[in-house]
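A look at the structure
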Amino acid sequence: MYENPYKLFNKGMLPYGKSIESIFVDIVQGKDYTHAQDNELASNLLSRQTANVKVEYYSENKRMQYKATISDEELKGAFRTEDGLSSLTSRILQAPLNGAEYDQFLLIKHALAHLKGAESKFTAPEGATAEDKAKALAKQVKASVIKMGFLSNQYNGQGVMTFSKPQDLVLIAPADVIANMDVELLAQAFNVSYADVNQHIIPIDNFVKETKEGSTTYAEDTATQAILLDKDAIQIYDTLNSSESFRNPQALYTNVFFNRWGIISACNFANCIKFVNA
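A brief structural summary. These figures come from a predicted structure and were not determined experimentally.

A word on the overall build of the protein chain. Of the regular secondary structure elements, the protein chain holds 6 helices and 13 strands. In terms of overall dimensions, the protein chain has a C-alpha envelope of 90 × 60 × 40 Å along the principal axes. Looking at the protein chain as a whole, 39% of its 278 residues qualify as buried. Total accessible area on the protein chain stands at roughly 16500 Å², and carbon and sulfur atoms take up 50% of it.

What follows is the structure, given as structure tokens:
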């Protein structure tokens with residue numbers, strides 16, 4: 001069975017409701033106590049400090065149903081081999097589940113296009129080979145991992161002061177770029193062992209972008225070389241995950257329905273850097 005490579009962003013089943021309220025409380029700026037006047041100290045006891053609270057809402061935006069039909073006539077033909085019956089049934093039921101995984105993969109690509117973090121211009125040396133470009137990009141990624149460990153408002157769309165630990169970051173890049181990258185260098189950057197680095201590097205066939213702002217159609221984004229993002233930058237929740245069957249005794253077949261509903265959205269409180277061609 002096919003599994004899309006972005007399962008790590010899935011937060012599980014939403015227990016109640018069909019929407020999420022994501023709340024971020026920004027840092028409080030300190031005041032210089034050494035120059036405070038007596039009257040200021042007294043009034044400060046009763047004054048109110050308003051928290052800098054920002055909110056994002058994510059609502060259910062995926063309601064997909066997948067149907068499979070198991071025919072008695074087809075099953076009869078499968079009896080020609082020892083495991084033919086179970087093999088055919090398994091393949092028929094696997095097809096809609098593969099379709100569900102692929103649809104989620106596409107929706108995650110769309111969510112990546114809506115991330116509003118920072119952009120880092122990537123310029124490869126003149127005459128550089130594909131391997132040289134990938135190595136240069138890996139060094140730029142490593143530097144960015146270190147920078148995102150500091151409290152900053154430069155790497156997220158909401159402009160809040162936040163940070164990302166190296167082990168919470170993920171790099172998404174085309175397969176041909178990853179193939180030429182210095183994986184040992186990236187393992188050091190993510191502060192993980194060489195064996196675990198693949199959990200932080202995820203291949204993609206290609207990035208996409210909106211054809212125009214607010215559009216629901218997408219085109220290939222050839223400018224983006226890679227995206228470094230916090231695991232919380234993509235929010236995925238299931239709201240319904242069920243299957244039901246219905247027997248048609250007249251036509252001698254059984255219909256099986258798989259329901260996959262949920263939320264797939266970009267979170268602009270989390271850090272994200274897109275590496276784009278200069």
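Let's shift gears to helix α4 (residues 130–147). Under the 1.5 Å per step criterion, the end-to-end length of α4 is 26 Å for 18 residues, consistent within 8% with the ideal 26 Å. Burial in α4 covers these residues: Ala134, Leu137, Ala138, Val141, Ser144 and Val145. Down the axis of α4, the buried side of the element spans an arc of 125 degrees, and every buried residue falls inside it. When the buried face of α4 is taken as reference, the exposed residues oriented beyond 90 degrees from it are Lys139 and Ile146. The secondary structure elements touched by the buried residues of α4 are β5 (118–122), β6 (169–174), α5 (175–179), α6 (183–189), β10 (224–230) and β13 (272–277).

Let us now look at the pattern of salt bridges. For the coordinates displayed, the defined rule picks out 6 salt bridges. For aspartate 205, the salt bridge identified is with lysine 109, shortest N-O distance 2.9 Å. Of this pair, aspartate 205 sits in the loop between β7 (201–204) and β8 (208–210) while lysine 109 sits in helix α3 (residues 84–113), placing them 96 residues apart in sequence. By relative accessible area, which is 7% here, lysine 109 ends up buried. Between glutamate 131 and lysine 135 there is a salt bridge, and its shortest N-O distance comes to 3.6 Å. Within this pair, glutamate 131 and its partner lysine 135 are both found in helix α4, separated by 4 residues, close to a single helical turn. Residue glutamate 131 is classed as partly exposed on the basis of its relative accessible area, which comes to 40%.

Another aspect to go through is the state of the cysteines. Tallied over the full model, the rule gives 0 disulfides. Cysteine cysteine 267 remains unbridged, with the sulfur of cysteine 272 as its closest cysteine sulfur at 11 Å. For cysteine 267, a relative accessible area of 5% translates into the label buried.

Take the sheet that holds strand β12 (residues 253–266) next. Taken together, 4 strands build an open sheet; the order of strands is β1-β11-β12-β4 and the sheet is mixed. Of all the strands in the sheet, just β1 (10–13) and β4 (62–71) have a single pairing partner and so form its edges. In this sheet, adjacent strand axes meet at a mean angle of 25 degrees when their direction is disregarded. Two elements, strand β11 (residues 234–248) and β12, share 14 bridges in a ladder whose sense is antiparallel.

Quick look at the sheet that holds β7 now. Strands sit in the order β5-β13-β10-β6-β7 across an open sheet of 5 strands; the sheet is mixed. The open sheet terminates on both sides in strands that have one partner only, identified here as β5 and β7. On average, adjacent strands in this sheet sit at an angle of 20 degrees to one another, irrespective of strand direction. Bridge analysis of β5 against β13 gives 5 bridges, and the strand direction is parallel. Within β13, the residue paired with serine 120 across the bridge is phenylalanine 275.

Criteria and cut-off values
- Residues numbered from 1 in each chain as written.
- Predicted model: local features only at pLDDT ≥ 70, side-chain atom pairs only at ≥ 80, totals over all residues.
- Heavy atoms only, no water.
- Helix = DSSP H or I, 4+ residues; strand = E, 2+ residues; numbered from the N terminus.
- Buried < 20%, exposed > 50% of the residue type's maximum accessible area, 1.4 Å probe, protein only.
- Areas by Shrake-Rupley, 256 points an atom, 1.4 Å probe, with all protein chains shown as cover.
- Expected span 1.5 Å × (residues − 1).
- Arc of directions from axis to C-beta.
- Contact = heavy atoms within 4.5 Å.
- Salt bridge = Lys/Arg side-chain N within 4 Å of Asp/Glu carboxyl O.
- Disulfide = S-S within 2.5 Å.
- Pairing = 2+ DSSP bridges.
- Axes fitted to C-alpha atoms, helices over the stretch in contact; angles between N-to-C directions.

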